[in-house]
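The primary structure of each chain is shown beneath.
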Amino acid sequence: LAISLLVMQYTDVLMLGHILDTSSVWVYKVIASLAYLVIIPYAIINMILSPKISELYRSSNKKALQHSILISWKLISYSATGIAVVLLLVGPYILWIFWSEFLVWVIPMYILICNQYINAITATNGAYMNTTGKEKIFAVALIVVALINICTNYILIPMYGLEWAAIATSISLV
């Protein structure tokens, strides 16, 4: 499970490392890290609510379970929306401050931010599966997604470069 998550998180960076210079890979890693800020609400809220969801599932309290999942989804969605909007508006200025060729990085940054936004608002499904006895199905899904990530990055990065590194990663995460 953890290995699949690491593969999904770093495949694009490792493959870009074989194509681009070190400083370009470093900038890509920075914009990917900025995009990861969007999923912080998901991580925090699911860390708090996962035990509650598991407890409600085991007690067969479907109404309370649905309510808890809906509330967590709303909290995650509203928080992730706010963070994504701020990053989409402020991100180019952050890049401009640190890198003179910042325009090259804006599109990949936007792709990664949008990808992490979609990931944040849909990832509750994974947390639900992981806490309700469907861990094996979730683990298999993660392994398949990691393989898709490797394949799409392997095919698209050498042919198209930066934007497609972001798109290839996005394809596997969404």
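Sequence order sets the numbering: in each chain, residues are counted from 1 along the sequence as written. Thresholds applied to this predicted model are a pLDDT of at least 70 for local features of residues and 80 or more for the giving and counting of side-chain atom pairs; totals over whole chains, interfaces and linings are not thresholded and use all residues. Remark: hydrogens and water are excluded; side-chain values derive from all non-hydrogen atoms of the structure.

### A closer look at the nonpolar core
Reasoning step 1: Only buried residues count toward a nonpolar core. Its members are Ala, Val, Leu, Ile, Met, Phe, Trp, Tyr and Cys residues joined through side-chain atoms within 4.5 Å. Partly exposed residues are those whose accessible area sits between 20% and 50% of the maximum for their type, while under 20% is buried and over 50% is exposed, using a 1.4 Å probe and protein chains only. Tyr28 and Leu95 are the most contacted members of the largest nonpolar core, which has 34 residues in total.
Reasoning step 2: Helical segments are the DSSP runs of H or I of at least four residues, strand segments are the runs of E of at least two, and each set is numbered from the N terminus. Mapped by element, the contributors of at least two residues to this core are α1 (2–17), α2 (22–36), α3 (40–58), α4 (62–98), α5 (103–122) and α8 (162–173).
Reasoning step 3: Ranked by the residues each element gives to this core, the list is headed by α2, at seven residues.

### So, the side chain of serine 24
Reasoning step 1: Relative to the assigned elements, serine 24 resides in helix α2.
Reasoning step 2: The class of serine 24 is buried, set by a relative accessible area of 16%.
Reasoning step 3: Any pair of N or O atoms that falls within 3.5 Å is considered a polar contact. Within protein, one atom must be able to donate a hydrogen and the other to accept it, and sequence-neighbouring residues count only if both atoms are side-chain atoms. Among the polar contacts made by the side chain of serine 24, one reaches the side chain of aspartate 21 at a distance of 2.8 Å.

### Remarks on a nonpolar patch on the surface
Reasoning step 1: Patch criteria: residues need more than 30% relative accessible area and no salt bridge. Like-charged residues are merged within 9 Å; nonpolar side chains of Val, Leu, Ile, Met, Phe, Trp and Tyr are merged within 5 Å. For the area figures, the Shrake-Rupley method with a 1.4 Å probe applies, and any residue is considered shielded solely by the protein chains shown. Put simply, a salt bridge is a Lys or Arg side-chain nitrogen that is within 4 Å of an Asp or Glu carboxyl oxygen. A cluster of nonpolar residues, Val85, Val86, Leu89, Val90, Tyr93, Trp96, Ile97 and Phe98, forms a patch on the protein surface that exposes about 890 Å² of accessible area.
Reasoning step 2: In this fold, leucine 89 is placed in helix α4.
Reasoning step 3: Leucine 89 sits in the exposed class, given a relative accessible area of 58%.

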